[in-house]
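Structural overview for review
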Amino acid sequence: MSGPQGSFVDLHTHTIFSDGLFTPEELIAEASRLGFTAVAVTDHDSVDGIERARAEGKRRGVEVVPGVEMSCNVNGTDVHILGYYLDYHREEVQDFFARVRQSRLERAERMVAKLSELGAPVSLARIKELAGAGAVGRPHIAQAMVEAGAVASISEAFERYIGYDGPAYFPKLRLTPPEVVNFIHKNGGLAVIAHPATYGNDDLLYLVIAAGVDGIEVWHPEHNERSVARYQEIAEKNRLLMTGGSDCHGGRKFGRIYLGDIRLPYKYLMALKQRVRVNP
Ligand code: AMP
Ligand code: ZN
Ligand code: FE
Ligand code: FE
């Protein structure tokens, strides 16, 4: 049952089924090249890339962990929750995410209208094209803005227009932490708070813990050593699982790939798997 000695995993990645640039096959090929034993595919509001990643994983000997990254709203802050091992084949799971993606599209329409008002017009058709079959997100809008010449870079798009404090920012569907956590649990999965250091406030972390999450993402490229120590301690005190991942977007985020930045020892994935079994 134990993974190979010294083997490492990445439990947070994106593909073209949300705002990543890698196809599921490319992601797994790259992970294999870097020597990963296992990779979790955690697209925003989509489980559509998992099956393809699994097939590629079988070919290359990389274990693929089914996952998803959901969002909830805590006092106005967008908090991300990773769901691992949820039963992604269920029709109600797929239908639910299809509805969330539809609301993302409506939000993108609102953002496009606002951007046009602000003198930075961008084409909705192009945004849809960039998103393809995946969940439309702000990174697609940012890329379309760069292409249209409205901004010079993706970072500038976020800084000037579509970041959380930007004039063209619109929030997503407002799910609550219990709604997201219960959805994951109801479908057999484990819920893990993603990149807690990025919310700028740990009070909301306790609200999310109170909603019944199973774990905390301790290792993430945006966590410094102090954050890692802090979230490790919070996880231990609250008997929560610890996870980590690169949040790889295949180069769409700041032009960096990220895969390979976090090499989480296999034992943390083992702990996750053991918890799934005892807590079906
Ligand atoms: P959304 O879910 O549509 O609100 O988009 C959130 C996604 O935007 C995150 O998961 C990141 O991939 C990306 N993102 C957020 N802030 C930035 C930033 N400052 N620069 C580049 N990408 C960002
Ligand atoms: Zn993303
Ligand atoms: Fe996230
Ligand atoms: Fe992510």
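What counts as what
- Residues numbered from 1 in each chain as written.
- Chains lettered and ligands numbered in written order.
- Predicted model: local features only at pLDDT ≥ 70, side-chain atom pairs only at ≥ 80, totals over all residues.
- Heavy atoms only, no water.
- Helix = DSSP H or I, 4+ residues; strand = E, 2+ residues; numbered from the N terminus.
- Rg over C-alpha atoms; globule rule 2.2 N^0.38 Å.
- Contact = heavy atoms within 4.5 Å.
- Areas by Shrake-Rupley, 256 points an atom, 1.4 Å probe, with all protein chains shown as cover.
- Core = buried A, V, L, I, M, F, W, Y, C linked by side-chain atoms within 4.5 Å.
- Buried < 20%, exposed > 50% of the residue type's maximum accessible area, 1.4 Å probe, protein only.
- Donors = N, O, S within 2.8 Å, 3.2 Å for Na, K, Ca; no water.
- Phe/Tyr/Trp six-rings, centres within 6.5 Å; stacked < 30°, edge-to-face > 60°.
- Lys NZ or Arg CZ within 6 Å of the ring centre and 35° of its normal.
- Tetrahedral: all angles 85-135°; square planar, octahedral: opposite > 155°, others 65-115°.
- Pairing = 2+ DSSP bridges.

1. Structural notes on the overall build of the protein
Across its full length, the protein holds ten helices and eight strands. Its C-alpha atoms give the protein a radius of gyration of 18 Å, within 12% of the compact-globule value 19 Å for 280 residues. Considering only C-alpha atoms, the protein reaches an extent of 55 × 40 × 40 Å along its principal axes. Considering only residue pairs separated by 6 or more positions, the protein has 71% of its internal contacts joining residues 24 or more positions apart. Of the accessible surface of the protein, which amounts to about 12100 Å², a share of 49% is contributed by carbon and sulfur atoms.

2. Description of the nonpolar core
Counting 57 residues, the largest nonpolar core has Leu 11, Tyr 84 and Leu 269 as the members making the most contacts within it. When residues no more than four places from it in sequence are discounted, the contact partners of Leu 269 are Val 9, Leu 11, Ala 38, Glu 63, Val 65 and Tyr 85. By size, the runner-up hydrophobic cluster in this structure holds 20 residues, among which are Met 111, Val 112, Leu 130 and Ala 157.

3. Observations regarding the coordination of the iron ion (ligand 3)
Summarising the metal site, the iron ion (ligand 3) is bound by the protein donors Glu 69 (OE), His 80 (ND1) and His 195 (NE2), whose distances to it range over 2.1 to 2.2 Å. If you list the donors of the iron ion (ligand 3) from N- to C-terminus, the spacing comes out as E-x10-H-x114-H. Separating the iron ion (ligand 3) from the zinc ion (ligand 2) is a gap of 5.8 Å. Here His 80 is found in strand β4 (residues 77–84), whereas its partner His 195 is found in the loop between β5 (190–193) and α8 (203–210), with 115 residues between them in sequence. You can call His 80 buried: its relative accessible area is 10%.

4. Notes on the packing of aromatic side chains
Scanning the entire structure with this criterion turns up six aromatic pairs. Here Phe 97 and Phe 183 contribute two aromatic rings whose centre-to-centre distance is 5.5 Å and whose plane-to-plane angle is 80°, an arrangement assigned as edge-to-face. A residue pair is termed long-range when its members are at least 10 positions apart, and Phe 97 in helix α3 (residues 91–117) and Phe 183 in helix α7 (residues 177–186) qualify at 86 residues. Judged by relative accessible area, Phe 97 falls into the buried class, the value being 1%. The ring of Tyr 164 has Arg 138 sitting right over it, with the charged end atom 4.5 Å from the ring centre.

5. Things to note about the coordination of the zinc ion (ligand 2)
Expected angles at a metal are 109.5 degrees for tetrahedral coordination by four donors and either 90 or 180 degrees for octahedral coordination by six donors. Binding of the zinc ion (ligand 2) to the protein goes through Asp 19 (OD), Asp 19 (OD), His 44 (NE2) and His 249 (NE2), at separations of 2.1 to 2.6 Å. Viewed at the metal, the six donor atoms of the zinc ion (ligand 2) are separated by angles of 52 to 161°, and the geometry they form is irregular. Counting gaps between the donor residues of the zinc ion (ligand 2) yields the pattern D-x24-H-x204-H.

6. Overview of the environment of Leu 269
Secondary-structure assignment places Leu 269 in helix α10 (residues 266–278). Relative accessible area serves as the criterion here: at 0%, Leu 269 is assigned to the buried category. The spatial distance from the C-alpha of Leu 269 to the C-alpha of Asp 45 is 22 Å, given a sequence separation of 224 residues.

7. Some words on the pairing of β4
Summarising burial for β4: seven of the eight residues are buried, a large majority. The sheet contact formed by strand β3 (residues 63–74) and β4 spans eight bridges and is antiparallel. Bridging across to β4, Val 68 finds its partner in Gly 83. The hairpin formed by β3 and β4 contains two residues between the paired strands, and Asn 75 there has a positive phi angle of roughly 50°. Summarising the sheet, β4 and β5 pair through four bridges and their orientation is antiparallel. Paired with Leu 82 across the bridge in β5 is Val 192.

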